[in-house]
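# Structural characterization, general
Residue-level listing of the chains:
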Amino acid sequence: MPHPAPDFDALVDARATSLLRLALLLTGRRPDAEDLLQSALLRAYTQRARVLAADAPGAYLRRILVNEHLRAVARPRPIPVAEVDPGHVDPQLPEERDAVWRLLATLPRQQRAVLVLRYYEGLADAEIGEVLGIRPGTVRSTAHRGLIALRTQLTAAPEGAAP
């Protein structure tokens, strides 16, 4: 396999940490996140001219990663909380952080992707729709269903018990 263009190398080097963090949030397990990132970067490499020609190459890489996640055939597995460390959560609140990860792990892949892109990546509905290849209205309804599912789980949990 020929060596990728220096511009592609630089792009991957600049975005690798944030892409791995996003993959970790989507999959919940570091080994799965690393596999997802590797798969996404392989796909990006085969399309490197298109990636580099894009208006926002970093956003294009993020889209490839999320689409690879959504294409995965494996059913979502529960996330072992000890393996999740997105690097930006307040370490003073480990119980709350763990509860959030357990709740997110229960959502279907697309709902989890929408919520992660909205609340972790800070993307607007139109941007999320572009990444996922869906309309902004579908983004809003998917986020709404995901939040309802999370609220339902929170209200169903016994008082004082972590979900």
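Residues numbered from 1 in each chain as written. Predicted model: local features only at pLDDT ≥ 70, side-chain atom pairs only at ≥ 80, totals over all residues. Heavy atoms only, no water.

## As for the overall build of the chain
Put simply, the rule reads: Here a helix means four or more residues in a row that DSSP labels H or I, a strand means two or more in a row labelled E, and each is numbered from the N terminus. Any residue under 20% of the maximum accessible area for its type is buried, any over 50% is exposed, and the rest in between are partly exposed; the area is computed with a 1.4 Å probe on protein chains only. It only takes one pair of heavy atoms within 4.5 Å for two residues to be counted as in contact.
When helices and strands are tallied, the chain shows 8 helices and 0 strands. Reading the chain from its N end, one meets helices and strands in the order α-α-α-α-α-α-α-α. The 163 residues of the chain split such that 37% are buried. Considering only contacts in the chain between residues 6 or more positions apart, those separated by 24 or more positions represent 69%.

## Description of the environment of Y120
With respect to the helices, strands and loops of the structure, Y120 is situated in the loop between helix 6 (109-119) and helix 7 (125-132). The spatial distance from the C-alpha of Y120 to the C-alpha of L22 is 8.2 Å, given a sequence separation of 98 residues.

## Brief notes about the packing of helix 6 against helix 8 (residues 136-156)
Going by this rule: Note on method: axes are straight lines fitted to C-alpha atoms, helices fitted across the in-contact stretch only, with angles between N-to-C directions ranging 0 to 180 degrees. Every angle not falling under 35 degrees, over 145, or within 65 to 115 is termed oblique; those three ranges are roughly parallel, roughly antiparallel and roughly perpendicular. Three classes are used: nonpolar for Ala, Val, Leu, Ile, Met, Phe, Trp, Tyr, Cys and Pro, charged for Asp, Glu, Lys and Arg, and polar for all others, with Gly counted as polar.
At a minimum axis distance of 9 Å, the contact between helix 6 and helix 8 shows a crossing angle of 100 degrees. As judged from the angle between their axes, helix 6 and helix 8 are roughly perpendicular. Across from Q110, Q111, V114, L115, R118 and Y119 in helix 6, the residues of helix 8 making contact are V139, R140, T142, A143, R145, G146, L147 and L150. Here the residues of the contact of helix 6 with helix 8 sort into 7 nonpolar, 4 polar and 3 charged.

## Points about the pattern of salt bridges
A pair can form between side chains of opposite charge whenever their charged atoms are brought close. The cut-off we apply is this: By convention in these notes, a salt bridge is any Lys or Arg side-chain nitrogen within 4 Å of a carboxyl oxygen on Asp or Glu.
This model, assessed by the stated rule, comprises 7 salt bridges. D32 is paired through a salt bridge with R29; the nearest N and O atoms lie 3.2 Å apart. Notably, a salt bridge pairs R62 with E121, separated by 3.1 Å at the nearest N-O pair. One end of the pair, R62, is in helix 4 (residues 57-71); the other, E121, is in the loop between helix 6 and helix 7, with 59 residues separating them in the sequence. On the basis of relative accessible area, R62 is assigned to the buried category, the value being 12%. What makes E121 partly exposed here is its relative accessible area of 21%. Among the ionic contacts, a cluster of salt bridges with common partners joins R43, E68 and R71.

## Re the environment of G129
Summarising the element assignment, G129 is placed in helix 7. Taking the C-alpha atoms as reference points, G129 and V114, 15 residues apart in sequence, are found 8.7 Å from one another. Contacts of G129, omitting those with residues within four sequence positions, involve I134 and V139.

## Quick word on the confidence of the model for the chain
Where we set the bar: Each residue gets a pLDDT score, which is the predictor's confidence in that residue and runs from 0 to 100.
Of all residues in the chain, 78% have pLDDT values of 70 or greater, and the mean over the chain is 83. Across the chain, element-level confidence peaks in helix 3 (residues 48-53) with a mean pLDDT of 95 and bottoms out in helix 5 (residues 94-105) with 76. Confidence over residues 78-91 falls short of pLDDT 50; this stretch has 28 contacts with residues more than four positions distant or in other chains.

## So, the packing of helix 6 against helix 7
Short version of the rule: Crossing handedness is defined as follows: a turn of the near helix away from the far one that is anticlockwise and smaller than a right angle gives a left-handed crossing, while the clockwise case is right-handed.
Direction vectors running N to C along helix 6 and helix 7 enclose 135 degrees, while the axes themselves pass 10 Å from each other. Classed by the angle they form, the pair helix 6 and helix 7 counts as oblique. Crossing of helix 6 against helix 7: the hand is right-handed. Two secondary-structure elements touch here, helix 6 through A113, V114, L117 and R118 and helix 7 through D125, I128, V131 and L132. Of the residues contributing to the contact of helix 6 with helix 7, the split by class is 6 nonpolar, no polar and 2 charged.

## What to know about the packing of aromatic side chains
Put simply, the rule is: Ring geometry is summarised as follows: Phe, Tyr and Trp rings, the Trp one being its six-membered ring, pair when their centres sit within 6.5 Å, and such pairs are stacked at plane angles under 30 degrees, edge-to-face over 60 and tilted between the two. Look at NZ for Lys and CZ for Arg. If either is within 6 Å of the ring centre and within 35 degrees of the ring normal, a charge sits over the ring.
Counting across every chain of the model gives 1 aromatic pair. Measuring from ring centre to ring centre gives 6.1 Å for F8 and Y45, while their planes differ by 70 degrees; the resulting arrangement is edge-to-face. Taken together, the positions of F8 in helix 1 (residues 6-27) and Y45 in helix 2 (residues 30-46) put the pair 37 residues apart, joining distant regions of the chain. Each member of the pair F8 and Y45 is classed as buried. The ring of Y45 has R48 sitting right over it, with the charged end atom 4.1 Å from the ring centre.

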